[in-house]
Amino acid sequence: MMKIIHLPFCFHPDPMGGTEIYVEALARELSNQDIINIIAAPANTNQSYIYNQLQIRRFAISPQVQHLKEIYGEGDEQGAAEFAKILDEEQPDLIHLHAFTRGVSLRLVRLAKSRGIPVTFTYHTPTVSCQRGTLLQWGNQVCDGQIQVSKCTACTLQKLGINKNISQIITHLPPILGKTITELNLSGGVWTALQMRELVNCRSQAFQSLMAEVDHIIAVCNWVKDILIINQVPPEKITVIRQGLCQELIQHEGKFSPVSTLTQPSNQPKLPLRVVFFGRLDPTKGVEILIQTLLSKPQLHATLDIYGISQSTSTNSYEKQIQNLVQNDPRINFKPPVSAAQVVQTMKQYDLLAVPSQWLETGPMVILEAFAAKIPIIGSNLGGIAELVKHNINGILVEANSINAWAAQLEQLCEHRDKLEQLKMEITPPQMMKVVAEKMKLIYRNILSCNNLLYQYRCK
């Protein structure tokens, strides 16, 4: 029986984002197809436990970064040593990386390959190849994704608050300066800025090595494949497999069952447009744009409920920031997060899902959940959102960072509620995770078959 180890950024009991929910659902479906699945993720301490009938292994990484190259280069040495023990204990047939971080790093790939274990990698977020993390050059225009050290260094420095012109000057300083600072292990403030070119170069080399050393790469949307190809990844090494819905759809007589909506007596005042946001409370997810849109239009007859998840100290700080921004506007309400299993059912209480992302999404999965709940989307005209949402057909696409554009579309929907019904009629059921697992199983088998043939050839 095939055994797979999956490696996401984190896992339960840590707050889980879309990637972790995807990994859990994929592992669960693969288990139904007679594959043994283990989820391994970095943590503060080594742990082993069962979660939703899945075996979880946590491996300890160093509590402090000793050198910036751990973040930008091959990864954490202690975490790799602890993961090596898991490999030796579990003896998996294949490992599947779902992140590329200090903890889930190139070191882990090389440990597996040194043991003859093949590796699959899924590109889930722009942070895999973009040092800025958003694939928006200078923060406001879609980047072509090609890694160029000078361009990427200047863009990263600008994100860190350095003037664009100064960023470009720093980029063209003699490379020996950055290398010397890196070798001296100086960091923080001006030291980090002065060695950023060297760090970006280090990250670029790690990315290229990852792409070369893994056996196969899963792109969860078309733009990911395009970016991999522009960075010299062979097309035959990439398979596009879109995300699948993690929850089971309600079926009625074998057909997709439309969700019933709340009806309103004709003699009653018109209810406000009920808008909902689900996702991480992080600037990249853009909830601040929604809040500012409503605050800019105090007469807008709409409500916004925010089901936000904080995954780190920085997002906790951002949560406080946006809560202060809301002030006392009764139309905007922060709701406690709901479990992944409850998301679709909760969405059914609303008219519209807002996806105001300020980076290139690879999904996001929340769109699939909205399609399952049969509610339209208003979303940023970027990345994976624009691949899933057809403007004025099953949703509305909006210029990502324009409060005026968001306000204009929401005003239109408030005035013309019949548009919502038209959009709902064009929503089709999303792909299920079972289908994703079936496609992934075929890829695993092909990789293992090729790996066995290669082993036999080398033994001759």
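Residues numbered from 1 in each chain as written. Predicted model: local features only at pLDDT ≥ 70, side-chain atom pairs only at ≥ 80, totals over all residues. Heavy atoms only, no water.

A. Representation of the overall build of the chain. Along its length, the chain carries 18 helices and 18 strands. Over its C-alpha atoms the chain spans a radius of gyration of 23 Å, differing by no more than 12% from the 23 Å that the globule rule assigns to 460 residues. Taken along the three principal axes of its C-alpha coordinates, the chain extends 80 × 60 × 40 Å. Considering only residue pairs separated by 6 or more positions, the chain has 69% of its internal contacts joining residues 24 or more positions apart. Approximately 21100 Å² of the chain is accessible, and the part contributed by carbon and sulfur atoms is 51%. Taking the 42 positively charged and 39 negatively charged side chains of the chain as two groups, their mean positions are separated by 2 Å. (Helix = DSSP H or I, 4+ residues; strand = E, 2+ residues; numbered from the N terminus. Rg over C-alpha atoms; globule rule 2.2 N^0.38 Å. Contact = heavy atoms within 4.5 Å. Areas by Shrake-Rupley, 256 points an atom, 1.4 Å probe, with all protein chains shown as cover. Lys, Arg positive; Asp, Glu negative; His and termini not counted. Charge placed at Lys NZ, Arg CZ, Asp CG, Glu CD.)

B. Spotlight on the environment of leucine 352. Along the chain, leucine 352 turns up in strand S16 (residues 352–355). Note: C-alpha distance between leucine 352 and leucine 410 (58 residues apart in sequence) is 9.9 Å. With residues near it in sequence (within four places) discarded, leucine 352 still touches Leu273, Arg274, Val275, Val276, Ile375, Pro376, Ile377, Ile378, Leu410, Leu413 and Leu420.

C. Examining helix H10 (residues 222–230) more closely. Taken together, the buried positions of H10 are occupied by Trp223, Val224, Ile227 and Leu228. The buried residues of H10 occupy an angular sector of 140° when projected down its axis, which confines them to one face. Close packing links the buried residues of H10 with strand S6 (119–123), helix H9 (196–213), strand S9 (216–219), strand S10 (238–240) and helix H15 (383–388). With its phi angle positive at about 70°, glutamine 232 sits one or two positions after the end of H10. (Buried < 20%, exposed > 50% of the residue type's maximum accessible area, 1.4 Å probe, protein only. Arc of directions from axis to C-beta.)

D. Structural context of the side chain of aspartate 351. Relative to the elements of secondary structure, aspartate 351 occurs in the loop between helix H13 (343–347) and S16. A relative accessible area of 9% places aspartate 351 in the buried class. Here the side chain of aspartate 351 touches arginine 274 through a polar contact of 2.5 Å, side chain to side chain. With residues up to four places along the chain from it excluded, the contact list for aspartate 351 reads Pro272, Leu273, Arg274, Ile375, Pro376 and Leu420. (Polar contact = N/O pair within 3.5 Å; in protein donor to acceptor, adjacent residues only side chain to side chain.)

E. A look at the pairing of strand S13 (residues 273–280). With eight of eight residues buried, S13 is to be regarded as a mostly interior element. Direction of pairing for S13 relative to strand S14 (residues 302–309): parallel, over a ladder of eight bridges. Paired with valine 275 across the two strands is leucine 304, which belongs to S14. Two elements, S13 and S16, share two bridges in a ladder whose sense is parallel. Bridge pairing links valine 275 to leucine 352 in S16. (Pairing = 2+ DSSP bridges.)

F. Focus on the pattern of salt bridges. Evaluated as defined, the whole model comprises 20 salt bridges. Linking glutamate 90 and lysine 3 is a salt bridge whose minimum nitrogen-to-oxygen distance equals 3.2 Å. Here the residue glutamate 90 occupies a position in helix H3 (residues 77–90), and lysine 3 occupies one in strand S1 (residues 3–7), the gap between them amounting to 87 residues. Residue classification places glutamate 90 among the buried residues on the basis of a relative accessible area of 11%. A salt bridge links glutamate 421 to lysine 424, with the shortest nitrogen-to-oxygen separation between them at 3.5 Å. Taken together, the residues span about one helical turn, with glutamate 421 and lysine 424 both in helix H17 (residues 418–425) at a distance of three residues. Classification of glutamate 421 as partly exposed rests on a relative accessible area of 42%. We classify lysine 424 as buried; its relative accessible area is 9%. Salt bridges sharing common partners tie together Lys3, Arg57, Glu89 and Glu90. (Salt bridge = Lys/Arg side-chain N within 4 Å of Asp/Glu carboxyl O.)

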